[in-house]
Amino acid sequence: MSDYSAPQIVPTRPYLGLDFFHAEDAALFTERDREISDCSSMLLRLNVKIFVLQGSTGAGKSSFLRAGLIPRLREWHSGGTYFLSGGDCVIRCTSDPLARIAAALAAGIRSDHLELEDLLPRCTDLDAAPEMSRMKLAETVLSVLQQVCQRLSGHLILILDQAEEVLTQAKDRSGLDEPAQAFFYFLEEVYLRNIDVRIIVGLRTEYYGRFRDELGIDDDRISTRPHSGGVEPYLLRPIRNHDALKRIILAPSKFGGGKVFNYVVDEDVAEKIVNDLLAFFAHGSITPFLQVICAMLYERMSPQTRRITLNDYKVLGDIHGIAFSYLDRGIMQALGQGASQKQKDRWLLVLHSLASTQGGGMVVSNTASISTLKRKAEEEGIHGDIEQGLGKLCGGSDPLLIGLPVEAPTQFSLKHDVLAVVLKRWEVEYITRRAGRTKAARRYGTASAVFALSCVAAVLYHNQNAKYQTLQQLVDKQIAYAQKPLRSDFGQSLYLALSSLDSIEKCPFGRSCTSLKDKALNELRSAILRSPLLSREASTAGFDTTGRQILLLSKDGSSATKITLGAELHTETLRAEEMSSPAGSTPKLESVNFAASTSAGGGSSVLIGDKFFHWDAQGKADPSLALDKYVKKNNGNPYAQYAMRGNNLEIMNFQLDNGEVKIEVRKLLGLAPGWNGEEDKFDLTHNDIMVPPPLSSDSANSRATYAYLSRVKTGTGDSYNWNIRLPQRQEAIRLPDTVGANTTRLGFVSGDNAVLVQCASGGFDYISLPALGNMNTTALPRACRGVDSDLTRVQVQFGKDAGPNEKRVPRSAYTSYMHSPLAAARSGNQLSLAWITEDGVAVASGQFGTALANPAAGSGIDRGSDVLLSGEPNGSTLQFSDDGTILVLLQQPFIYAPVRLRIWDLSKERIAWVNHLEAEKLIELACSMVTDLKTYLPDSDQSQAYALMSVTNEKPKCLSSEKNSRGKK
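In short, a report on the structure. (Residues numbered from 1 in each chain as written. Predicted model: local features only at pLDDT ≥ 70, side-chain atom pairs only at ≥ 80, totals over all residues. Heavy atoms only, no water.)

What follows deals with the sheet that holds strand S15 (residues 540-544). With antiparallel pairing, the 4 strands of this open sheet are ordered in space as S15-S16-S17-S18. Lying at the two open borders of the sheet, with one neighbouring strand each, are S15 and strand S18 (570-574). Pairs of neighbouring strands in the sheet enclose a mean axial angle of 20°, with direction left out of account. Both strand S17 (residues 560-564) and S18 contribute to a ladder of 5 bridges, which runs antiparallel. Counterpart to Thr561 in the pairing with S18 is Thr573. (Pairing = 2+ DSSP bridges. Helix = DSSP H or I, 4+ residues; strand = E, 2+ residues; numbered from the N terminus. Axes fitted to C-alpha atoms, helices over the stretch in contact; angles between N-to-C directions.)

What follows concerns the packing of aromatic side chains. The full count for this structure, using the stated rule, is 9 aromatic pairs. The interplanar angle of 75° and the centroid separation of 5.1 Å between the aromatic rings of Tyr263 and Tyr298 together place this pair among those described as edge-to-face. In this pair, Tyr263 sits in the loop between helix H9 (242-254) and strand S7 (264-265) while Tyr298 sits in helix H11 (residues 287-299), placing the two residues 35 residues apart along the sequence. Take Tyr263: its relative accessible area is 3%, and that puts it in the buried class. Judged by centre distance (5.7 Å) and plane angle (55°), the rings of Phe281 and Phe289 are tilted. Each member of the pair, Phe281 as well as Phe289, is classed as buried. Over the ring of Phe280 we find Arg425; its NZ or CZ atom is 4.3 Å from the centre of that ring. Geometry around Phe682 places Arg725 over its ring, the cationic atom sitting 3.8 Å from the centre. (Phe/Tyr/Trp six-rings, centres within 6.5 Å; stacked < 30°, edge-to-face > 60°. Buried < 20%, exposed > 50% of the residue type's maximum accessible area, 1.4 Å probe, protein only. Lys NZ or Arg CZ within 6 Å of the ring centre and 35° of its normal.)

So, about the sheet that holds strand S41 (residues 899-905). The strand order S14-S41-S40-S39 describes an open sheet built from 4 strands, whose pairing is antiparallel. Since the sheet does not close on itself, it has two edges, and those belong to strand S14 (534-538) and strand S39 (877-880), each with one partner. Going from strand to strand, the sheet's axes swing by 15° on average, the running direction of each strand aside. Here S39 pairs with strand S40 (residues 886-891) via 4 bridges, running antiparallel. When the sheet's bridge partners are listed, Gln879 is paired in S40 with Val888.

Secondary-structure assignment places His155 in strand S4 (residues 155-161). Here the side chain of His155 touches Asp196 through a polar contact of 2.8 Å, side chain to side chain. (Polar contact = N/O pair within 3.5 Å; in protein donor to acceptor, adjacent residues only side chain to side chain.)

This brings us to helix H24 (residues 908-915). A turn of α-helix holds 3.6 residues, and therefore any two residues three or four places apart point the same way. The complete set of buried residues in H24 reads Arg910, Ile911 and Val914. Along the long axis of H24, the arc covered by the buried residues comes to 100°, so they all point the same way. In H24, the exposed positions that point more than 90 degrees away from the buried face belong to Lys908 and Glu909. (Arc of directions from axis to C-beta.)

It is the contact of H9 with H11, at a shortest axis distance of 11 Å, that shows an interaxial angle of 35°. Like other packed secondary-structure pairs, H9 and H11 cross with a definite hand, here right-handed. Touching Leu245, Ile248 and Ile249 of H9 are Thr287, Leu290, Gln291 and Cys294, all from H11. (Left-handed = near helix turned anticlockwise from the far one by under 90°. Contact = heavy atoms within 4.5 Å.)

Turning next to the pairing of strand S20 (residues 604-608). The side chains of a regular strand alternate between the sheet's two faces. Taken across its 5 residues, S20 has 5 buried, putting it largely inside the fold. Burial along S20 is two-sided: the face carrying Ser604, Val606 and Ile608 and the face carrying Ser605 and Leu607 are both buried. In this structure, S20 lies alongside strand S21 (residues 611-615), joined through 5 bridges in antiparallel fashion. Looking at the pairing, Ser605 lines up with His614 of S21. What sits between the antiparallel neighbours S20 and S21 is a turn of 2 residues, in which Gly609 has the positive phi angle 60°.

Attention shifts here to the environment of Asp243. Tracing the backbone through its elements, the reader meets Asp243 in helix H9. Judged by relative accessible area, which is 47%, Asp243 ranks as partly exposed. Through-space distance from the C-alpha of Asp243 to that of Glu271 is 9.0 Å; in sequence the pair is 28 residues apart. In terms of polar contacts, Asp243 uses its side chain to reach the side chain of His242, at 3.5 Å.

Our focus in this paragraph is the environment of Arg375. By secondary structure assignment, the location of Arg375 is in helix H15 (residues 370-379). Taking the C-alpha atoms as reference points, Arg375 and Ile386, 11 residues apart in sequence, are found 9.6 Å from one another.

Looking now at the pattern of salt bridges. For the structure shown, the criterion picks out 33 salt bridges. The residue Asp312 makes a salt bridge to Arg300 at a minimum N-O spacing of 2.6 Å. Of this pair, Asp312 sits in helix H12 (residues 310-315) while Arg300 sits in the loop between H11 and strand S8 (307-308), placing them 12 residues apart in sequence. For the pair Asp312 and Arg300, a shared accessibility class is recorded, and that class is buried. Note that Glu679 is salt-bridged to Arg666, the shortest N-O span being 3.1 Å. Taken as a pair, Glu679 in strand S26 (residues 679-686) and Arg666 in strand S25 (residues 660-668) lie far apart in primary sequence, 13 residues in all. Its relative accessible area of 30% is what places Glu679 among the partly exposed residues. Here the salt bridges share partners, and the residues they tie into one network are Arg32, Arg34, Glu35 and Asp38. (Salt bridge = Lys/Arg side-chain N within 4 Å of Asp/Glu carboxyl O.)

Using the criterion set out here, one finds 1 disulfide in the structure. Between the sulfur atoms of Cys507 and its disulfide partner Cys513 the distance amounts to 2.0 Å. Taking the sign of the S-S torsion, 85° for the link of Cys507 and Cys513, the bridge is right-handed. Cys507 gets classed as partly exposed once you look at its relative accessible area, which sits at 24%. (Disulfide = S-S within 2.5 Å.)

Across the 5 residues of S21, 4 count as buried, placing the element largely inside the fold. Relative to strand S22 (residues 625-626), S21 is paired through 2 bridges, and the arrangement is antiparallel. When the sheet's bridge partners are listed, Lys611 is paired in S22 with Ala626.

Core analysis: the biggest nonpolar cluster contains 128 residues, and Phe281 and Phe289 have the highest contact counts within it. In contact with Phe281, not counting residues within four places along its chain, are Arg240, Ile286, Phe289, Ile319, Val418, Val421 and Val422. Counting residues in hydrophobic clusters, the runner-up holds 51 residues, among them Leu105, Leu145, Leu156 and Leu203. (Core = buried A, V, L, I, M, F, W, Y, C linked by side-chain atoms within 4.5 Å.)

Just distances and angles here, no functional claims.
Next up, the structure:
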């Protein structure tokens, strides 16, 4: 029942003016990664119901919600967080927020993505909102909301923006039926009734105190629950850092390797714009007007001249000229091109009445009724249909006003508070002009004239050279998208690499396209090597790191599939009597406890519900083993976790106790027909509810070893450290100084009995587990501070040419309920390392004990990007084979979701084979990979559909036939 499957769309505009960012603009919504991660984590804490995103006017709250926080929540928790809409799910409060919530709730129930058909009769109650008293409506919405949340297997996220309107636009009448009071009653009851919903409230900072005064969750109904009322505030500060602002200006020009929008911004003009903005806007946010300036500069470029220079900025009159030009363009949209300066001044004076200066010099926009603005217009000598004029000022490409409600506005405010600052500056210019001290006329119209002439020139430019340039731009754009596809979508990368070769077949007569074809073939090789060799979806999956085997359990639990990786893929289906999902064809909560792994003896083992199944190495099924005594009591318990480790079943039972987590580990040992009940049982201390569950090793070398984080209180605040619990020791060994602000990674090393721990400094400590077990202490001294003479420990750092930079330094995981995975393998003297990034899976390798090199250093994998394409920017498990040549990624973005399996062959033999394939065989291989992807992951059509919309209008030729056969090496 995931409500989000559509891929992210490439932005169509590099700069948005005063419009806020939407989900389709998320790729250009930069410089907010830390705030997005912080808010995502805070929002999903157990005691949070109402998350108040506060910020000064213009700080970017609306953009942050739509292009930052919501897309991140969809990515992190696909299938575990739900929104009322698969599109823009933000509800603008207005003066009557409950009516808006009721309408959105009814639309969500009627939509397909929430699968709530049994609640359709409740839509009739919600549709009656206009006739209800607001208190009755609050009760109705609460009732329906509770029913919705009870049917969802995760959290419903409700987003309310511009909540200050509830306070500023409320009508002056008393009683509980008043919309504002009913709204705050609704928020209070959501918490007191413990409805499983998270409400995000966007609010201007200056109204936060009053908002909290009205939200009075402080009576005895709270009992022992936190008296914070479930309210978690977060202050979103405006971006005023000089370097960050420059990066925002330059980011679109570099997007997709610079081939998406195909233009360049000179460094000196970016520097000048930032300096002018910081001087022009002494307080608050400046990013909205930064977007206005850059949009105007981008508009004036011609198809032949794709560079924004300092001279272009000066031609438009610097920041002052652009500011007044924006006002002029907005007025002209409403009045027409024939309007006189006097007419424009009169309307600008009306707009100026909406700007006010507050304490400290902050200039903001006020809200005024339509009657107030009509009266002001008449005072300024404006005649005719004033209401129509106000409506026109709300529309067009350069709107100056916002009217609410949108259907029939009765209240107006400036489109953005930055316009209030601009209007204050205009007032000075206007008074000066009226006094006779005329300033030099601003140079308007140049941009439009140049652009128009350029368009005419482009239409007339139809010679063969122009056709070649057009083809070259198309191919470059296709390759740019293929090199760095959205959401690490390898299907899109392959699709576009193939499309680029088809495009080259249309090479203009008389021109050679050999270099273009070589470039496209090289990108296709890169896309093949960076894409998974194999992609599947299942209930769960297991990996035999020694035997290079994968075991998948079907989503309905009726069969298992064993895949042996080699020169050719060998697939074997395993079935047994009584195999099926205990909940039927649609797995319920207990389906997340399905576990599969290849056994140590070469056979295969699967747990389904309370039944254990085993097949020997030849695929012969043993009689099933009932484990209801150990498993059944945990069915339906979200705080139980199951995993097969060879022929051992590991059960972790989690119990909450005053905010701490106690974990009982039971290991059923040597499961087989006639099992004698042998088990091992012990407890792990896991003292923080917000810390992901412990890690346990799948490696045969380090089984029965556990790693978990614990909180340590210090004089300067809390810190977290890794703890290692070894089978030969009762007490865990603490590794100090191993966890920094955003680094919480530890990986068991395939091929060795060791762990690799990321240090707070960004480097890694390689720790031998046998040596660790022999220590006579429970705290490892000098962790991450150099080699310890008592322990086999090696400092692992990145090579000079390989980082660190933001793509190569490990980041926090997108899967918040699991540790961010870190994979390591040691084969002889070779060490391999892999981790999740926002662009896919990064891989580093090198000689043990020396600096690691990135794939670009010579493996042959890297061309245009330093990551493997994983299809989603997340992962719950990442593991190498013992020899480091096979890398397996399991993606389960939420605990109730099915697992997606990605497998890469990183061996030198496969890289050499792909690099030496002739063009025809290379294309055949890429097409078979896309066909395979479509067969096993049907929703991959979305990436192909997007590829068609973005830079091509035809399918690759090889995908138009059914002749492809899968070729693998």
